[in-house]
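The lines below spell out each chain.
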Amino acid sequence: MLNSIVYKPNHVVERQKLVQNSHAPIYYRLPRSKLYVGSYYAIFTVGMLSTAFGAFQLIRGKPAAE
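Residues numbered from 1 in each chain as written. Predicted model: local features only at pLDDT ≥ 70, side-chain atom pairs only at ≥ 80, totals over all residues. Heavy atoms only, no water.

Check the secondary structure of the protein chain and you find three helices and zero strands. In the protein chain, the order of α-helices and β-strands from amino to carboxyl end is α-α-α. Taken against the 2.2 N^0.38 rule, which gives 11 Å for 66 residues, the C-alpha radius of gyration of the protein chain at 23 Å runs more than 25% over that of a compact globule. With the C-alpha coordinates of the protein chain rotated into their principal frame, the extents come out at 75 × 40 × 10 Å. Per-residue burial over the protein chain gives 3% buried out of 66 residues. (Helix = DSSP H or I, 4+ residues; strand = E, 2+ residues; numbered from the N terminus. Rg over C-alpha atoms; globule rule 2.2 N^0.38 Å. Buried < 20%, exposed > 50% of the residue type's maximum accessible area, 1.4 Å probe, protein only.)

What follows is the structure, encoded as structure tokens:
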């Protein structure tokens, strides 16, 4: 019942060879790292644009009501 959890194959040597043989930057060496870095950049960009838009709205202020 627990064999699928307990007896998993060890892929450390394969991953170590993959990382050490690559000449790419460290954040692009592992599988799916482009997905992780790209999604981080996208979320960071949306957050920074939202912050800049909010700051611009605060600086601009509300129109004076007459």
